[in-house]
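Structural overview
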Amino acid sequence: MTYYDPPFHLRNKRSSRKKRVVQRTEGSMASSNNFFPSASVTSSGRPVFLPNEIECQLLSAVDLESDDGPSFPSLKSGLLILTTHRLIWIPSNSSAHSNAIAIPLSLITHIFSSKKSIKSIFHSPRIRFQVSLNSKSLVVTVVARGKGDWDGFLPKFWENWRGRAWETSAGGSTADGSVTTSISGTSSNSGGFYLNDGSVRMVGLAGILRKEQEMWESTDKSLQEAFQDLNALMSKAKEMVMLAEKMRQKLLSGSNSETNAGNNEEMGSKEEMQDWLLSVGIISPVTKESAGALYHQQLSRQLADFVRTPLERAGGMINLIDIYCLFNRARGTELISPEDLLQACTLWEKFDAPVMLRKFDSGVMVIQNKSHSDEEVFTRIKTLVTKPDALQAGITASDAAMTLGIAPAMAKEHLLTAESRGILCRDISPDGFRFYINLFPEIDSDDMHMVKDHGIYSLWVRVVSA
Amino acid sequence: MQKLGDFKLPQFFNYPPYFTLQPVRDTREKQVQLWKDLILDYCKTQHIFVIELEEEFPLFSNPVIERSLSHEARKAFLSALVTEGRAEWLDKGHRKCLILWHRIQDWADIILRFVKDNGLEDGVMTIEEIRSGIESRGTELHGIDRTILMRALKLLEHKGKLAIFKGTSTDDEGVKFSV
């Protein structure tokens, strides 16, 4: 199979999805996969990790290819996750998540060194390795067409393969995972966390020291090389900055001017420019919606999984602040900031998570199930508030909390919402903040003393007169 | 039925939320409407012309349910009456409110009827006599607030139905009718 490398303007996954002829199908719809073991994936699209397996790197829009022949499944444009034990590939199409596969690093027999050449600068980064499956030897190529830290991925791939984390259960030389993730300090590391296992990886001191030593040596070497190139780079840098600025201005003016239907061609070239800028690594100023860094996407999925248990325990609605505490406590290290949490919640609507973020008028933010129904809650409140005791004395947020089975703060939000819908009225007094069923609509403004025979008003009159 | 003096109170007077200023717009509108009508009704039957915000006003508290209107609530309801033209603030600080359970125009009509009933079409009468004289007993004019009476008389003067003349003191202020 000859390999076809598309030109710049087709490179970016975002554009190829939009309107051009799709060169590749997304996900592997018809993968009769008898090649690779399949990988379990949660309902939010996160992989299920093995005990002691740690997630290290993520790459998006990755193809897995092979020269082997037509029987090799189509594995195009998925998310590649490198862990200490496996290479997990998840199709980007969420309905095809069941087709996720994993290549155990233990089955890799050889990784081919990637030669840097003029040609390789213009192609998508790739790596070839030999893997032994079902007593057959196969050469697989990983082609990274999307965003992701390739320069971080490649050395980590080598390292994890050499590290052989699957051979030891804990301790000693398998210091690779948890320690070097913090040393290499790449931003796309999410570190993984274990709820059921609860164990922390045992780290041998010798292993840490050895790793650090190796790290310093390689850094030193690359610094030396860099300084030689630095002068050359500096002179080019100024030119590049000016060029980028010109591009940016052109794009901005292009978006501001009125582009009518007849201006399709101009729109086309503008998109090309946008894609080219992106592939060079400059963020386009005219992007309306950020797809979110890969980190946030994965965090968002992880959070959706995590949130389900606490949500159930809390009766279907939980304060965002509580989730912040619970989530960070579970993570242990690599805590997330409140902004990250908020960003992760807002990304849920992008992949149809079963949970959603909701902001009340009072400003309180909660997480609730998508299936949560306000109307159902109001019905229950109405029932509660028309009982004889409640007709006499009203209800407090605590009373509602007990009946609804949720926290008092959440109950108060529900009561306030019911009030704003005209179902309840408030009563503020030295006795406290209470709510009554709203009788005002039934009171006749033309005849103050009139009480109709039917309705809540007459029921109320009867109850309080008794 | 609960009473305040001899005034019959409606059932909803015992509904605690009635005494808390409601934030929701539709509910608030209804609440304001009911309070306006209640205030006017009460003042009319009790012949009350002025409400002082800082003084105790029996209508604004209900000891049975242990609730009373906050200062803010009282102000809100009285202001609503002012906006509707059924009341007026007597001072800049909005502490005293004149209640017009009859509009000035209505009072003017009552005065005219009074004049006709007593054959005073060309007559003369002092202000005090209109307010507390024998003829006024049994009529709504009896005990009418001086400010309101003067306003009604001025309205009629403007229409040419009478002329107000000043005496040596306020006791001598009088009216010459020409109805």
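Residues numbered from 1 in each chain as written. Chains lettered and ligands numbered in written order. Predicted model: local features only at pLDDT ≥ 70, side-chain atom pairs only at ≥ 80, totals over all residues. Heavy atoms only, no water.

As annotated in an unreviewed UniProt entry, chain B carries the name Vacuolar protein sorting-associated protein 25 and is attributed to Hevea brasiliensis. What UniProt records for chain B under Sequence similarities (unreviewed entry) is the sentence "Belongs to the VPS25 family." (UniProt positions renumbered as here; feature names shortened; annotations may be inferred.)

**Quick look at the overall build of chain A**
A count of helical and extended segments in chain A gives 14 helices and twelve strands. Counting over 466 residues, chain A shows a buried share of 42%. For chain A, the share of sequence-separated contacts (at least 6 apart) that also reach a separation of at least 24 residues comes to 60%. Of the roughly 25,300 Å² of accessible surface on chain A, 56% is carried by carbon and sulfur atoms. (Helix = DSSP H or I, 4+ residues; strand = E, 2+ residues; numbered from the N terminus. Buried < 20%, exposed > 50% of the residue type's maximum accessible area, 1.4 Å probe, protein only. Contact = heavy atoms within 4.5 Å. Areas by Shrake-Rupley, 256 points an atom, 1.4 Å probe, with all protein chains shown as cover.)

**Considerations on the interface of chain A and chain B**
With 22 residues of chain A at the contact, the number on the chain B side is 24 residues. Of the roughly 2,100 Å² buried between chain A and chain B, counting both surfaces, carbon and sulfur atoms make up 66%. The partner of A:D427 in a salt bridge is B:R67, and the shortest N-O contact between them spans 2.8 Å. Taken together, the connections running from chain A to chain B amount to eight residue pairs in polar contact (both at pLDDT 80 or more). Sorting the residues of the side of chain A that touches chain B by element identifies helix 13 (408-420), strand 11 (424-429), strand 12 (432-437) and helix 14 (456-465) of chain A as the ones contributing at least two each. No other element matches the five residues that strand 11 of chain A contributes to the side of chain A that touches chain B. (Buried area = accessible area lost by both parts, 1.4 Å probe. Salt bridge = Lys/Arg side-chain N within 4 Å of Asp/Glu carboxyl O. Polar contact = N/O pair within 3.5 Å; in protein donor to acceptor, adjacent residues only side chain to side chain.)

**Here we look at the packing of helix 8 (residues 320-331) of chain A against helix 9 (residues 338-346) of chain A**
All names here are of chain A. Between helix 8 and helix 9, whose axes approach to 11 Å, the crossing angle comes to 110°. As far as their axial angle goes, helix 9 and helix 8 are roughly perpendicular. In the crossing of helix 8 with helix 9, the sense of the turn from one axis to the other is right-handed. Residue-level inspection shows L320, I323 and Y324 of helix 8 in contact with helix 9, the latter providing P338, L341, L342 and C345. Taken together, the residues that form the contact of helix 8 with helix 9 break down as seven nonpolar, no polar and no charged. (Axes fitted to C-alpha atoms, helices over the stretch in contact; angles between N-to-C directions. Parallel < 35°, antiparallel > 145°, perpendicular 65-115°, else oblique. Left-handed = near helix turned anticlockwise from the far one by under 90°. Nonpolar A, V, L, I, M, F, W, Y, C, P; charged D, E, K, R; others polar.)

**Here we look at the sheet that holds strand 8 (residues 317-319) of chain A**
Residue and element names in this part refer to chain A. Spatial ordering of the open sheet is given by 8-10-9, a layout of three strands whose pairing is antiparallel. The open sheet has two edge strands with one neighbour each: strand 8 and strand 9 (355-359). Recorded for the sheet is a direction-independent mean angle of 30° between the axes of neighbouring strands. The pairing of strand 9 with strand 10 (residues 365-369) spans five bridges and is classified as antiparallel. Note that in strand 10 the partner of V355 across the bridge is N369. This element, helix 8, spans strand 8, strand 9 and strand 10 of the sheet and lies at about 75° to strand 8. Lying on the sheet, helix 13 is in contact with strand 8, strand 9 and strand 10; it crosses strand 8 at an angle near 110°. (Pairing = 2+ DSSP bridges.)

**Digging into the pattern of salt bridges**
All names here are of chain A. Overall, the coordinates contain 24 salt bridges over all chains when judged by the stated rule. Between R86 and E53 there is a salt bridge; the shortest N-O distance is 2.9 Å. Taken together, the residues R86 in strand 3 (residues 86-91) and E53 in the loop between helix 1 (13-18) and strand 1 (55-66) connect sequence positions 33 residues apart. Relative accessible area serves as the criterion here: at 1%, E53 is assigned to the buried category. Across the pair K211 and E214 runs a salt bridge whose closest N-O atoms are separated by 3.5 Å. In this pair, K211 and E214 both sit in helix 5 (residues 205-256), three residues apart, roughly one turn of the helix. For K211, a relative accessible area of 15% translates into the label buried.

**Thoughts on the nonpolar core**
Membership of the largest hydrophobic core comes to 95 residues, with the highest contact counts inside it found for B:Y18, B:W35, B:I39 and B:L59. Split by domain, this core shows at least three residues from each of two domains, domain 1 (3-99) and domain 2 (104-177) of chain B. When residues no more than four places from it in sequence are discounted, the contact partners of B:I39 are B:I51, B:L59, B:F60, B:F77, B:L78 and B:L81. Membership of the second largest hydrophobic core comes to 29 residues, among which are A:F36, A:V62, A:L64 and A:L133. (Core = buried A, V, L, I, M, F, W, Y, C linked by side-chain atoms within 4.5 Å. Domains from an automatic or database assignment.)

**Topic: helix 9 of chain A**
All names here are of chain A. Of all the positions in helix 9, only D340, L341, A344 and C345 are classed as buried. Seen end-on, helix 9 carries its buried residues on one side only, within an arc spanning 135°. Buried residues belonging to helix 9 abut helix 7 (294-313), helix 8, strand 9 and strand 10. (Arc of directions from axis to C-beta.)

**A short note on a nonpolar patch on the surface**
All names here are of chain A. On the surface, a nonpolar cluster with roughly 510 Å² of combined accessible area is contributed by L223, F227, L230, L233 and M234. Counting through the fold element by element, L230 comes out in helix 5. With a relative accessible area of 32%, L230 lands in the partly exposed category. (Patch = residues over 30% accessible without salt bridge, like charges linked within 9 Å, V, L, I, M, F, W, Y side chains within 5 Å.)

**Details of the side chain of B:H102**
Tracing the sequence through the fold places B:H102 in the loop between strand 7 (96-99) and helix 3 (104-117). With residues near it in sequence (within four places) discarded, B:H102 still touches B:K44, B:R86, B:W107, B:I110 and B:E140.

**Points about the sheet that holds strand 9 (residues 162-165) of chain B**
Residue and element names in this part refer to chain B. Pairing is antiparallel across the open sheet formed by three strands, whose spatial order is 8-10-9. Two strands bound the open sheet, and with one partner strand each, they are strand 8 (124-126) and strand 9. Across the sheet, the mean angle separating the axes of adjacent strands is 20° when strand polarity is ignored. Alignment of strand 9 against strand 10 (residues 174-177), held across four bridges, turns out to be antiparallel. Paired with F165 across the bridge in strand 10 is G174. With respect to the sheet, helix 5 (residues 146-158) is in contact with strand 9 and strand 10, its orientation differing from that of strand 9 by roughly 125°.

**As for the packing of aromatic side chains**
Summed over the entire model, instances satisfying the criterion amount to 26 aromatic pairs over all chains. Note on A:F306 and A:F327: the rings are 5.1 Å apart at their centroids and 55° apart in plane angle, and the pair reads as tilted. In this pair, A:F306 sits in helix 7 while A:F327 sits in helix 8, placing the two residues 21 residues apart along the sequence. Of the residues examined, A:F327 reaches a relative accessible area of 1% and is grouped as buried. Taking the centre distance of 5.7 Å and the plane angle of 85° together, the rings of B:Y42 and B:F57 count as edge-to-face. Taken together, the positions of B:Y42 in helix 1 (residues 25-46) and B:F57 in the loop between strand 3 (50-52) and strand 4 (61-62) put the pair 15 residues apart, joining distant regions of the chain. B:F57 sits in the buried class, given a relative accessible area of 7%. The ring of A:F112 carries A:R128 above its face, with NZ or CZ at 4.6 Å from the centroid. Positioned over the ring face of A:F433 is A:K412, at 4.7 Å from the centre of the ring. (Phe/Tyr/Trp six-rings, centres within 6.5 Å; stacked < 30°, edge-to-face > 60°. Lys NZ or Arg CZ within 6 Å of the ring centre and 35° of its normal.)

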